[in-house]
Amino acid sequence: MEEIRSASIRRPSLPPSADQTMEEDKPLKKMAEAFKELSIRLDQFPEGEEARLELSPFSNACSLVSPLFRCLGIAFKFAELDYVAKVNDLAGASKSISALPLMMDDDVKSDCVRKAGSHTRNLLRVKRGIDMVKVLFEHIISTQGNSLKDPASKAYSQVFSPYHGWAIRKAVAAGMYALPTKAQLLNKLNEDETSARIQMQNFVASAALVVKYIDQLFISRGLGTDW
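Attention in this report is confined to the structure presented alongside it. (Residues numbered from 1 in each chain as written. Predicted model: local features only at pLDDT ≥ 70, side-chain atom pairs only at ≥ 80, totals over all residues. Heavy atoms only, no water.)

Attention now moves to the nonpolar core. If you look at the biggest cluster of nonpolar residues, it comprises 66 residues, and the most contacted ones within it are Phe35, Phe58, Phe76, Ile130, Phe137 and Phe203. Ignoring anything within four residues of it in the chain, the contact list for Phe35 reads Ala61, Cys62, Val65, Ile130, Phe203, Ser206, Ala207 and Val210. (Core = buried A, V, L, I, M, F, W, Y, C linked by side-chain atoms within 4.5 Å. Buried < 20%, exposed > 50% of the residue type's maximum accessible area, 1.4 Å probe, protein only. Contact = heavy atoms within 4.5 Å.)

With respect to the helices, strands and loops of the structure, Asp131 is situated in helix α7 (residues 119-142). Owing to a relative accessible area of 18%, Asp131 belongs among the buried residues under this scheme. What Asp131 contacts, discounting residues up to four positions off in sequence, is Val159 and Val211. (Helix = DSSP H or I, 4+ residues; strand = E, 2+ residues; numbered from the N terminus.)

Buried within helix α8 (residues 149-159) we find Pro151, Ala152, Ala155, Tyr156 and Val159. Across the axial projection of α8, the buried residues extend over an arc of 125 degrees, all falling on one side. Among the structural elements, α7 and α9 (166-175) are those in contact with the buried residues of α8. (Arc of directions from axis to C-beta.)

In this fold, Asn202 is placed in helix α11 (residues 193-220). On the accessibility criterion, Asn202 (37% relative accessible area) is partly exposed. The sequence separation of Asn202 and Phe35 amounts to 167 residues, and the corresponding C-alpha distance is 8.6 Å.

Another point: empty space enclosed by the protein. Rolled over the atoms, a probe as big as a water molecule pinpoints where empty space is left. In the structure shown here, the tally under the stated rule is one cavity of 30 Å³ or more. Each pocket or cavity is described by its volume, and for the largest cavity that value is around 80 Å³. Sorting the residues of the lining of the largest cavity by element identifies α7, α10 (182-188) and α11 as the ones contributing at least two each. For the lining of the largest cavity, the element with the highest residue contribution is α11, accounting for four residues. Among the residues making up the lining of the largest cavity, the classes are represented as five nonpolar, one polar and three charged. (1 Å grid on protein atoms, 1.4 Å probe; cavity = no way out; pocket = protein on both sides within 12 Å on 5 of 7 lines; lining within 4 Å. Points joined across faces, edges and corners; volume = space filled by probe spheres on them. Nonpolar A, V, L, I, M, F, W, Y, C, P; charged D, E, K, R; others polar.)

Turning our attention to unusual backbone geometry. Despite not being glycine, Asp111 has its phi angle at roughly 55 degrees, a positive value. Mapped onto the secondary structure, Asp111 falls in the loop between α6 (100-109) and α7. Even without being glycine, Asn190 reaches a positive phi, approximately 60 degrees. Within the secondary structure, Asn190 sits in the loop between α10 and α11. The partly exposed category is assigned to Asn190, whose relative accessible area is 21%.

Time to look at the pattern of salt bridges. Summed over the entire model, instances satisfying the criterion amount to 14 salt bridges. The closest approach of N and O atoms between Lys29 and Glu33, which form a salt bridge, is 4.0 Å. Note that Lys29 and Glu33 are positioned in helix α2 (residues 27-43) at a spacing of four residues, about one turn of the helix. Here Arg221 and Asp105 are joined by a salt bridge, their closest N and O atoms 2.7 Å apart. Residue Arg221 is located in the segment after α11, and its partner Asp105 is located in helix α6; the two are separated by 116 residues in the primary sequence. Look at Asp105 and you get partly exposed, because its relative accessible area is 28%. (Salt bridge = Lys/Arg side-chain N within 4 Å of Asp/Glu carboxyl O.)

Spelled out as structure tokens, the structure:
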């Protein structure tokens, strides 16, 4: 009797379903989850001990915020370009420096904290970007209507405006009239009203802890944050 050998059949790989694609393309959810992970890492350190937040996951989480600036259009174009450049610098630094406190201590020893291009100076700028998005989300959550002009104007005034010159402030003010509506922003972020509110609330809670942690790193070293 002839032996019959079964031939192995290779099944063609199927393209991702629409639900999978939609789930992967949710920048707001990715932001919220990444910062939630950072807050969990911070909570793992004993009270009274300075947390040594790793630079690599921090810079990766920060990079996920960049699409939000892009979605806001021309009003925050300068902020987007500056933020992306600073995050890229921190990502590069993470290849040789393990944690944020070590990075700052290296700059303190080298006496270059306030010099343009220093990692610590860039960290302060990135922290303001995170804070601006946090404040923006807080105002979006608490504001009725479809316009983003009021929430965005308040967030900019609270966080960025004190550190920008007249020309940048004027350009931002003009760009506020070209902001997307809230509905348009949520569509770009692939969220509906309910899911967006949940993710924004999650980001606000986690980002607040991260911002507070970074502020404390500066204050405990006598560096201050108002520069």
